[in-house]
Amino acid sequence: MTLLEVNNLTVRFYTAEGVVTAVDDLSFTIDRGEKFGIVGESGAGKSVSALSVLRLIENPGRIESGEILLDGENLLEMSDKEIRKVRGNRVSMIFQDAQTALNPVYTVGEQISEPIRHHLDYSESEAKERAIELLDTVGIPDPQTRYSDYPHEFSGGMQQRAVIAMALSCDPDLLIADEPTTALDVMTEAKILNELDRLAEEFDTAVQLITHDLGVIAEVCDHVMVMYAGQPVETASVDDLFYDPKHPYTVGLMASIPRIGAGDTRLQTIPGVMPDLIDVPTGCTFHPRCPYAEDVCTQKEPGLVDPATGTEVGADADRGASCLAYTGDLANDLTFDVTVGDAGQSVGGESDD
Amino acid sequence: MSLRRYIIRRILVSIPVLFGVSVITFGLVHLTPGDIVDLMIGQNPDLQPGEAERLRREFGLDQPVYVQYFDWITNALQGDLGPSFSQGPETSTLLVSRLPETIALGLFGWVFAMVIAIPGGIYAAIRRGRLGDDVSRFVALAGISIPNFWLGLMLIAIFAARFGWFPVLDPQTDLLSREMLWWLILPGIAVGTASSASLMRIMRTTMAEELNKEYVTAARAKGLPERTIILKHVLRNSLISVVTVAAFITAGIVSGSVVIEVVFGWPGLGQLLIDVIHMRDVNVIMAITLFVGVAIVIANLFADIVYALLDPRIRDDY
Ligand SMILES: Nc1ncnc2c1ncn2[C@@H]1O[C@H](COP(=O)(O)OP(=O)(O)OP(=O)(O)O)[C@@H](O)[C@H]1O
Ligand SMILES: [Mg+2]
């Protein structure tokens, strides 16, 4: 059953340098309980699309058009009061850096209790009790005393656990996690991801996980959307994406995952950088960096199509890629091989047949 | 526990500060050419030269400066601030009679400064980049630029002389009575305005900075109302920086009130200080200076305590 449906969302920032189209006609859907990943390079518009869902885009940004339906209700048409009832209650958010997301002058416990009192109308002591339970659930030892600690008395991993507890405090339907482990070391990252995975099951919460790391996606998600320059370039189940990527950008992202233990640990990155979002390339926005680009790619904008049939697909498609290769516009084929490694993960690379 | 240690430390640190203040003031007063005896001779030409020597010996002014200082500090530490050469009574009696008026004026000015500065700064920060912010910037700039004595004179001219809303002569009522407020308002505003204006700008800047921090977005994402976010989350973080500055303005208020006391004929220490400086009345000058020093030290101590109460990270450092 569909929980969140984002249709044709466009978000722009009106900066001194020009108008930045951070999210460009973006659509996606998340089902109840689904773990949905969004992956892409820095500046792809991942955070902006996440913040838009809670209507947290601030000046000079503006949500220009589109709709964001939560259980069929358009969040963009709600009053300020109504959207505040959604925030932290039905949809909650975890930020990249827990240390800066926590207010340094209030205790961790107080910050967890706050939304519980606010949204669920719990009394002071009931909220405290629930907050302590939550701290325990997310794996903070000695939660009773830790409740009264200040953020600076927590380690980085514990801070992120506390933030997760805060996000889960009102039993949300959707948890948006924006690079929740980027600020952590690898060991802690793995633990937090496991925890997130487990808690999403336990609380029966859908997760929108944002990352620039395909490894993280593989660990947690069911479905994934690859974003480039504010647009989706590929959408697929995690298995499909890893075993059979359809977009050259996705392949490039995979090639850049460093893998330990593999015979050749090539650290390939896609040449070039993401285009300036003030003045995006014509046609396919990826063409300046694409090894398969032909003349037509500079003119014709590819929509999201079913790679098998080449027909246009909607936001809820199981499989879609936006590349002219699938609409019959390209003279040559995409020629990349994907070999699957031992760990069940794929290794992407281009090969000239 | 640790808060108490923190406070004790702060108090201990202020002792050498006060000592230093006393040495410097004493030195400066004695470096100024001429003493009270010269002034007496000037006013009373009949005085014999021998008399002058006798008077200096009587006041202890014939001793080297360090001996005089040593005598003074020994007595002062025992609570004896010495006689006033020019005013008649003992220095301590004099001080006690004038002190309440000055404290009342200073506190009123300080409270006025805070009451205007903090809400004003919050308002400007919330409206940053818009008309309200510009208006507040203009008002603050005016408040900082207008000399306090001129502001005092204008307040008297407009609200006391023209409209007759406020009395201006020496307060004729009990210091702790309600009517006293009427006497305090005009000089209080004159004393507090400049400090209030600079504090308001600092409040605005700090708050605007805090509003850009991620914990604010996180608080919004929790669904808290904007009011709670501003008055609970952002305000407390902003006050941490403002409190330190609020202690600094105490010095401005104290020095400002010397001028304002003269303008308003306020019977406090400020007016007395002007008189005794003319008379080179060392003991009284020393006593008033030290009182000012103590007031500033207390204000800073108070600020440090509030600071530690607001910011848990500070407490842990001690
Ligand atoms: N407040 C803002 N003002 C101006 N431009 C902004 C603002 N916030 C985001 N942008 C622009 O929007 C685009 C998308 O930014 P976004 O933060 O969504 O990227 P991201 O995919 O989350 O990247 P990262 O992996 O670095 O977090 C960027 O080009 C960025 O410059
Ligand atoms: Mg981001």
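### Here's the deal with the side chain of aspartate 311 of chain B
Right, on to step 1. Relative to the helices and strands, aspartate 311 of chain B is located in the loop between α12 (282-310) and α13 (312-315).
Right, on to step 2. Given a relative accessible area of 5%, aspartate 311 of chain B falls into the buried group.
Right, on to step 3. At 2.9 Å, the side chain of aspartate 311 of chain B forms a polar contact with the backbone nitrogen of arginine 313 of chain B.
Right, on to step 4. In this view, aspartate 311 of chain B contacts Val105 of chain A together with Ile240 of chain B; residues no more than four positions away in its chain are not counted.

### Overview of the environment of serine 255 of chain B
Residue and element names in this part refer to chain B.
Right, on to step 1. Relative to the helices and strands, serine 255 resides in helix α10 (residues 226-264).
Right, on to step 2. The class for serine 255 is partly exposed, based on a relative accessible area of 47%.
Right, on to step 3. Sequence separation between serine 255 and valine 297 is 42 residues; the distance between their C-alpha atoms is 15 Å.

### Thoughts on the environment of valine 39 of chain A
Residue and element names in this part refer to chain A.
Right, on to step 1. Its place among the elements puts valine 39 in strand β3 (residues 35-39).
Right, on to step 2. Between the alpha carbons of valine 39 and leucine 209 there is a distance of 8.4 Å; along the sequence they are 170 residues apart.
Right, on to step 3. With sequence-adjacent residues up to four places away left out, valine 39 is seen in contact with Lys46, Thr211, His212, Asp213, Leu214, Ile217, Val224, Met225, Val226, Met227 and Leu253.

### Considerations on the pairing of strand β7 (residues 174-178) of chain A
Successive side chains on a regular strand alternate, one facing one side of the sheet and the next facing the other.
Residues and elements named next belong to chain A.
Right, on to step 1. Judged by how many residues are buried, β7 sits mostly within the fold: five of five residues are covered.
Right, on to step 2. The two faces of β7 match: Leu174, Ile176 and Asp178 on one face and Leu175 and Ala177 on the other face are all buried.
Right, on to step 3. Across four bridges, strand β6 (residues 91-94) lies against β7 in parallel orientation. In the sheet register, valine 91 faces β7, and the bridge partner there is leucine 174.
Right, on to step 4. Where β7 lies against strand β8 (residues 206-211), five bridges are found, and the strand directions are parallel.

### Quick word on the state of the cysteines
Residue and element names in this part refer to chain A.
Right, on to step 1. Scanning the entire structure with this criterion turns up zero disulfides over all chains.
Right, on to step 2. The thiol sulfur of cysteine 297 is not disulfide-bonded, and the nearest other cysteine sulfur, from cysteine 284, lies at 6.1 Å.
Right, on to step 3. The buried category is assigned to cysteine 297, whose relative accessible area is 8%.

The rules behind these values
- Residues numbered from 1 in each chain as written.
- Chains lettered and ligands numbered in written order.
- Predicted model: local features only at pLDDT ≥ 70, side-chain atom pairs only at ≥ 80, totals over all residues.
- Heavy atoms only, no water.
- Helix = DSSP H or I, 4+ residues; strand = E, 2+ residues; numbered from the N terminus.
- Buried < 20%, exposed > 50% of the residue type's maximum accessible area, 1.4 Å probe, protein only.
- Polar contact = N/O pair within 3.5 Å; in protein donor to acceptor, adjacent residues only side chain to side chain.
- Contact = heavy atoms within 4.5 Å.
- Pairing = 2+ DSSP bridges.
- Disulfide = S-S within 2.5 Å.

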